[in-house]
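Structural features, examined
Listed below are the residues making up each chain.
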Amino acid sequence: MGGSVPDMPGTRAEGDLLDTMRHEVAQLLHRQQLGFPGAQPVSFASRHLLELQKQDYYVCEKSDGIRCLMYLTEDGHGKQVVYLIDRKNDYYFVPDLHFPKHMEQERERDIHTGTLIDGELVNDTQRDGSVQLRYLVFDLMVLDDYSLMHRTLDKRLAYFTERINGPYKALLKRYPEETRFAPFLVDLKDMEFAYGCAKMFHAILPKLAHGNDGLIFTCRNTPYQSGTDPHILKWKPKEDNSVDFRLFFEWPMVQPDAEDLANGDTEPYPDYYQKPIFHLAVNMGKDGDVPHGTMTVDDDGWEDMKAIGEPLDERIVECFQDEQQQWRFLRWRNDKNEPNYITTVDSVMDSIRDSVTMEQLIVNDKPVREAYKKRQTPEALRAKAEAEKAMAAAQRAPNGHAQTNGHREVSLKRKFEEGDEGGNEETKKVRAP
C-alpha cells in the first residue's frame, strides 16, 4: 500500500462562472439546493452485519484520496469541458481530457455532455517509484442529460463501463502518447459482492498502489441519494474511526504586570507564546458550530503544528479517539469547509462503541453468501421481475412519475435503457422521472 493524498488538479472556477456551474449541475439533477450533490456514507455498526444479509451489497476499498465528482459539459463552441467538483463544492477546470461516445475512430468527436460521475482521486505509486494520479469511478449519476440515479448500482456501473470507459480506453489505445499530457487517468474501481470481505482483506488491499483506510459497502438495489445515504456503509477499524471538527484556540490569559500598568494596559491579554486549549466544534445546522469537546496535543505535537507556518484557528481537523477516549490530531482536512454534522458524529461514536472487526466481517461472508444464493432462486427472481415490472408500469402511468411527453418519450427512454444506439441523439434530451 502506498501513495500520498493528491493535490486537486486544474484551475478553480470563481465568481460568476462558479455560480453558473453550480446552478447548471443543480438543474441537471433537478435539485433546488446548490450544495455538493454527492452521496455520503454512514458508519458501519454491528447491526449492519445483518443488513448485508438482507439485501445485495457491493464492497470496495475506501481509498485515501480526494472524493470528487467529474462533470462533463461543453463550451459555446461544442467542445467538451471537464470539471472536478470537490466536497467544498468548488469546481476545477481540468484540460486535456476527452470522453467520446463511441469506440470507432471516425466518431470520436461525438462527445459526452450533461454527464456526472462519482469517484475519487488517488496517487498510485508505480513499480518504478513514480506517482500516477488516477480517478477511480464508483458511480454514475447522469449520462448525457439522462438521470440514472433511479437505476440499480450494477446498471449504473454498466452504463459507465459501456458508454464512457470503453470508448475512453479505445481512444487511449489509439493515441497512447497522449496519456503523458492527461492530468490523470480514469479507471473503474474494483467491486466485489459483499461476501468477498476475505478476498478484500487478503488479496486486494495488500496490493493497492495507493493509501487505504477501510471499506465501503453500497446497496445494489437502492437509488443514488444525494446527501447522507443509510445504504452506503463506511467501515474502518475501530482505531481509525475519526471525526472532522472545526478547531478553535483558547489562549491562556496574562495578568498585566507593573510595566503593562505603567503603559496603561489594565486588562488581561492572550499569551500567544503558550500552548492554547484546543476546542472542537461540530456542525449543528441552523445553530452553526457548537463545542463538542477538546483535542489533546502534547508539546511536540504543538511544535509540529506551529512549524506549518499557516493560520490554524477555525480550520477543519480530523481527529480520532485514543484508548483513554481523548481526541487526538490525525490530519488537516484542507478539502473541507465545514465540520461533520452532529448526526455524522453520533454515527461515528456509535461505530466506535459498537465496532465491527475485520474478523467479524470475514466470518459474515458465509451467511451473506447463503442469503444471496437464496435470493437467486427461480421463484425469487420471478417475484423480483414482477415487482420491477409493476414499478415500471406505475412510473409510466398518467398519475405516476411518468415522462410528460407521452408515448414517444417513454419509447425513447426504453430505447436508451435497452442500449439502442440509434436513439442516442434524441434520448439525451430525455430525463428520468
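The residue count restarts for each chain, going from 1 along the sequence in the order it is written. Local features are withheld for residues below a pLDDT of 70 in this predicted model, meaning they are given only at 70 or higher, and side-chain atom pairs are given and counted only at 80 or more; totals for whole chains, interfaces and linings count all residues. Hydrogen atoms and water are omitted, and side-chain values are computed over all heavy atoms in the structure.

Quick look at the environment of arginine 331
Here is the rule we go by: Helix numbers and strand numbers start at the N terminus; a helix is a DSSP run of H or I with at least 4 residues, a strand a run of E with at least 2. Note on contacts: a residue pair is in contact if any heavy atoms of the two residues lie within 4.5 Å. Any N or O atom pair separated by 3.5 Å or less is treated as a polar contact, with the protein-specific requirement of one donor-capable and one acceptor-capable atom, and with residues adjacent in sequence counted only for side-chain atom pairs.
By secondary structure assignment, the location of arginine 331 is in strand E20 (residues 327-332). With residues up to four places along the chain from it excluded, the contact list for arginine 331 reads Val5, Asp64, Asp213, Val317 and Glu318. A polar contact is formed between the side chain of arginine 331 and the side chain of aspartate 64, at a distance of 3.1 Å. In terms of polar contacts, arginine 331 uses its side chain to reach the side chain of glutamate 318, at 2.7 Å.

Section: the sheet that holds strand E2 (residues 39-43)
Using the following cut-off: Paired strands are those between which DSSP finds at least two bridges.
With mixed pairing, the five strands of this open sheet are ordered in space as E2-E13-E12-E3-E11. Every other strand in the sheet has two partners, leaving E2 and strand E11 (192-193) as the edge strands with one partner each. Alignment of strand E3 (residues 57-63) against E11, held across two bridges, turns out to be antiparallel. Bridging from a neighbouring strand, valine 59 pairs with glutamate 192 of E11.

A closer look at helix H3 (residues 153-174)
For clarity, the cut-off: A helix is expected to span 1.5 Å multiplied by its residue count minus one. Note that the bend at a residue is defined as the angle between axes fitted to the seven residues ending at it and the seven residues starting at it.
In this model H3 runs 30 Å from its N-terminal to its C-terminal C-alpha over 22 residues, within 8% of the 32 Å that 1.5 Å per residue would give. At asparagine 165, H3 shows its strongest bend, of approximately 40°, with the proline proline 167 following within four residues.

Description of the packing of aromatic side chains
Cut-off, in case you're wondering: The criterion for an aromatic pair is that two Phe, Tyr or Trp rings (for Trp, the six-membered ring) have centres within 6.5 Å, with stacked assigned to planes under 30 degrees apart, edge-to-face to planes over 60 apart and tilted to the rest. Three exposure classes are used, based on accessible area relative to the maximum for each residue type with a 1.4 Å probe and protein chains only: buried under 20%, partly exposed in between, and exposed over 50%. Geometrically, a charge over a ring is one whose NZ (Lys) or CZ (Arg) sits within 6 Å of the ring centre while staying within 35 degrees of the ring normal.
Summed over all chains, the structure comprises 18 aromatic pairs. Between the aromatic rings of phenylalanine 245 and tryptophan 327, the centroid separation amounts to 5.0 Å while the plane-to-plane angle is 75°, which identifies the pairing as edge-to-face. Highlighted residues: phenylalanine 245 in strand E14 (residues 242-250) and tryptophan 327 in strand E20, separated in sequence by 82 residues. Here the two residues phenylalanine 245 and tryptophan 327 agree in accessibility, since each one is buried. Between phenylalanine 278 and tryptophan 302 the ring centres are 5.5 Å apart and the planes differ by 70°, which places this aromatic pair in the edge-to-face class. Note that phenylalanine 278 is positioned in strand E17 (residues 277-283) and tryptophan 302 in helix H6 (residues 299-307), a separation of 24 residues in sequence. Overall, phenylalanine 278 belongs to the buried group, its relative accessible area being 2%. The rings of Phe249, Trp251, Tyr272, Phe278 and Trp302 are connected pair by pair, giving a single aromatic cluster. In this arrangement the basic side chain of arginine 315 is found over the ring face of tryptophan 332, its NZ or CZ atom lying 4.9 Å from the centre.

Description of the pattern of salt bridges
Opposite charge on two side chains allows them to pair when their charged atoms are near. Let me state the cut-off plainly: Throughout this description, the term salt bridge denotes a Lys or Arg side-chain nitrogen within 4 Å of a carboxyl oxygen of Asp or Glu.
Taken as a whole, this structure holds 32 salt bridges when the rule is applied. A salt bridge links arginine 315 to glutamate 310; the nearest nitrogen and oxygen atoms lie 2.9 Å apart.

Comments concerning the nonpolar core
Quick note on the threshold: Take the buried residues of types Ala, Val, Leu, Ile, Met, Phe, Trp, Tyr and Cys, join any two whose side-chain atoms come within 4.5 Å, and each joined set is a nonpolar core.
Counting 28 residues, the largest nonpolar core has Met70, Leu84, Tyr135 and Phe184 as its most contacted members. Among the secondary structure elements, those contributing two or more residues to this core are strand E4 (66-74), strand E5 (80-86), strand E7 (115-125), strand E8 (131-143), H3 and strand E10 (185-188). In terms of residue count, E8 provides more of this core than any other element does, five residues in total. Sequence-distant contacts of methionine 70, defined by excluding residues within four places in its chain, comprise Val82, Tyr83, Leu84, Phe99, Thr115, Leu116, Ile117, Tyr135, Phe184 and Val186.

Regarding H6
What counts is decided by this rule: Along the arc lie the directions from the helix axis toward the C-beta atoms.
Among the residues of H6, Gly301, Trp302 and Met305 are the ones counted as buried. Looking straight down H6, one finds its buried side chains confined to an arc of 100°; they lie on one side. Exposed side of H6, more than 90 degrees from the buried face: Asp299, Asp300, Asp304 and Ala307 are the residues found there. Structurally, H6 contributes buried residues whose contacts are with E14, E17, strand E18 (289-295) and E20. Immediately downstream of H6, the backbone of glycine 309 shows phi near 75°, a positive value.

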